[in-house]
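# Tertiary structure, described
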Amino acid sequence: MIHCEGLVKIYKTDDLEVVALQGLNLTVEDGELMAIIGNSGSGKSTLLNTLGGLDRPSAGQVKVGPWDLLKITEEELVQYKRDTVGFIWQNNARNLLPYLSALENVEMPMMLSGKTDRAYAKQLLEWVGLKERMHNKLHQLSGGEQQRVAIAISLSNRPKLLLADEPTGSVDTTTSDMIMGIFRKLNREIGITIVIVTHDMTLASKVDRVVAIRDGLTSTEFIKRNPNITDGGDLIQSAGRNLNSVHEAYVVVDRVGRLQVPKEYLTALGIKDKASMEFDGERIVISSPKSLGGSGNE
């Protein structure tokens, strides 16, 4: 569904140039439910905006399904955003029209595409648990209910990919769990690919795969070994250390075989510009360069 290779995004102003993505690699399979985590400024929202067709990539490769987002025309981009991708923002105001009912909000993207289907709009609101609230105006709905309306809106044109930017960032824990339950249900029942961007490590235990982004680059992946386990354990405290049996950590390898080792790991070992590497037939051991008469840290 998604393939990024060496993806670069540079924002330019008159006197400033910011490299938000600096050669990012990412592959997402069709039908995955996965999360992208990272601190503020790591590039995760820029990646989501690029995948959503809101930002144009500067260089590299980025493909979503049959679409090449580096070469796509403006006319094709409109079609892509309308038919292929659904977007959910943390800020409900970007998804919702306050003077319309929940049902009318869900129907609006359909009207813009000329494919109004009231029965499907009602079904979407039932899926997100708002069957009894679909005729209410937005001011009559709680924040969590509004976010669920936003999820229904994002699915109104039957997209193949759903992108969610901090979808639980402005709701309480109970509502957050409910929203994640909706995502899991949609992923399993209709097979839609869902990518969630978040800085909340607790969400990492509720998806099947997590990719960490640091400084505009993908670094570590965590694969859930048992999809029935929902306890995030030590993952909440650490993105890459002391992981319990819930997740298995992987370091990303790019196309030419380079390992993208997290910077903090290298710092902890005192590795700067080069490292010692040994292969014992089963494992590759990376350590700080060994000095004369002593051994480096592993």
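All residue numbers refer to position in the chain's written sequence, counted from 1. The predicted nature of this model means local features are confined to residues of pLDDT at least 70 and side-chain atom pairs, given and counted, to a pLDDT of 80 or more, with totals for whole chains, interfaces and linings taken over all residues. Note that water and hydrogens are dropped before the side-chain values are worked out from all heavy atoms of the structure.

### A look at the packing of aromatic side chains
Convention followed: In this analysis, rings of Phe, Tyr and Trp, with Trp reduced to its six-membered ring, are considered paired at centre separations within 6.5 Å, and the interplanar angle assigns stacked below 30 degrees, edge-to-face beyond 60, and tilted for intermediate values. Secondary structure elements follow DSSP: runs of H or I of four or more residues count as helices, runs of E of two or more count as strands, with numbering from the N terminus. In this scheme, a residue with accessible area under 20% of its type's maximum is buried, one over 50% is exposed, and one in between is partly exposed, where area comes from a 1.4 Å probe on protein chains only. Ring-over charges, as used throughout, are those where CZ of Arg or NZ of Lys falls within 6 Å of the ring centre and within 35 degrees of the ring normal.
Throughout the structure, instances matching the rule amount to 3 aromatic pairs. Seen from their ring centres, W67 and Y80 are 6.0 Å apart, and the 70° between their planes marks the pair as edge-to-face. Highlighted residues: W67 in strand β5 (residues 67-68) and Y80 in helix α2 (residues 74-83), separated in sequence by 13 residues. According to the relative accessible area criterion, W67 is buried, its value standing at 17%. With a relative accessible area of 0%, Y80 lands in the buried category. Aromatic pair F87 and W89: ring centres 4.6 Å apart, planes at 15°, arrangement stacked. The same class applies to F87 and to W89, which are both buried. Geometry around Y11 places K9 over its ring, the cationic atom sitting 4.9 Å from the centre.

### Concerning the side chain of S156
Stated formally: Whether two residues are in contact is decided by their heavy atoms: any pair within 4.5 Å suffices.
Along the chain, S156 turns up in the loop between α5 (143-154) and β7 (161-165). Assessed through its relative accessible area of 4%, S156 is described here as buried. When neighbours within four sequence positions are excluded, S156 is seen to be in contact with V106, P109, M110, Y120 and L124.

### Here we look at the nonpolar core
Basically, it comes down to this: Remark: nonpolar core denotes a set of buried residues (Ala, Val, Leu, Ile, Met, Phe, Trp, Tyr, Cys) joined through side-chain atoms within 4.5 Å.
Residues L125, V149, I151, F183 and I196 are the most contacted members of the largest nonpolar core, which totals 40 residues. Once you skip the residues sitting within four places of it in the chain, V149 turns out to touch L96, A102, N105, V106, L125, L130 and L141. Ranked by size, the runner-up nonpolar core spans 28 residues in total, among them I2, L51, V62 and V197.

### Some words on the pattern of salt bridges
Rule in force here: Here, a salt bridge means any Lys or Arg side-chain nitrogen found within 4 Å of an Asp or Glu carboxyl oxygen.
This model, assessed by the stated rule, comprises 9 salt bridges. Between E32 and R209 there is a salt bridge whose closest N-O contact spans 2.8 Å. With E32 in the loop between β2 (17-28) and β3 (33-37) and R209 in strand β9 (residues 209-214), the pair connects residues that are 177 residues apart, well separated along the chain. Between K115 and D83 there is a salt bridge, with its nearest N and O atoms 3.9 Å apart. Placement of the pair is K115 in the loop between α3 (102-113) and α4 (118-127) and D83 in helix α2, with a sequence separation of 32 residues.

### Some thoughts on the packing of α3 against α5
So the rule is basically this: Convention adopted: a line fitted to C-alpha atoms gives each axis, helices being fitted over their contacting stretch, and angles between N-to-C directions are expressed from 0 to 180 degrees. For classification, angles of less than 35 degrees are called roughly parallel, those exceeding 145 degrees roughly antiparallel, those between 65 and 115 degrees roughly perpendicular, and all remaining angles oblique. Handedness of a helix crossing follows the sense of rotation of the near helix relative to the far helix, less than a right angle counterclockwise being left-handed and clockwise being right-handed. Charged residues are taken to be Asp, Glu, Lys and Arg, nonpolar residues to be Ala, Val, Leu, Ile, Met, Phe, Trp, Tyr, Cys and Pro, and polar residues to be all remaining types, Gly included.
Running from N to C, α3 and α5 cross one another at 30°; their axes reach a closest spacing of 8 Å. By the angle between their axes, α3 is roughly parallel relative to α5. Note on packing geometry: the crossing formed by α3 with α5 is right-handed. On the side of α3, the interface is formed by A102, N105, V106 and P109, while α5 contributes V149, A152 and I153. Taken together, the residues that form the contact of α3 with α5 break down as 6 nonpolar, 1 polar and no charged.

### Some points on a nonpolar patch on the surface
Put simply, the test is: Patch membership is restricted to residues that have no salt bridge and whose relative accessible area is over 30%. Joining uses 9 Å for like charges and 5 Å for the nonpolar side chains Val, Leu, Ile, Met, Phe, Trp and Tyr. Shrake-Rupley sampling with a 1.4 Å probe provides the accessible areas, and residues are treated as covered by the protein chains on show and by no other component.
Taken together, the side chains of Y11, L16 and V18 present a nonpolar region at the surface, about 250 Å² in accessible area. In this structure, L16 sits in the loop between β1 (2-12) and β2.

### Observations concerning the environment of N105
With respect to the element layout, N105 can be found in helix α3. Since its relative accessible area comes to 2%, N105 is described here as buried. Measuring from C-alpha to C-alpha, the distance between N105 and V149 comes to 7.9 Å, with 44 residues separating the pair along the chain. Setting aside residues up to four positions removed in sequence, N105 forms contacts with N95, L96, L97, L100, L138, V149 and I153.

### A word on the sheet that holds β5
Put simply, the test is: Strand pairing is assigned whenever DSSP detects at least two bridges linking the two strands.
Taken in spatial order, the 4 strands of this open sheet run β2-β1-β4-β5, and their pairing is antiparallel. Strand pairing shows two members of the sheet lacking a second neighbour, β2 and β5, which therefore form its edges. For strand β4 (residues 59-64) and β5, the ladder comprises 2 bridges, and the chain directions are antiparallel. Bridge pairing in β5 links V64 to W67. This element, helix α1 (residues 44-51), spans β1, β2 and β4 of the sheet and lies at about 110° to β1.

Note that every value here comes from positions in space, so none of it alone points to a role or purpose.
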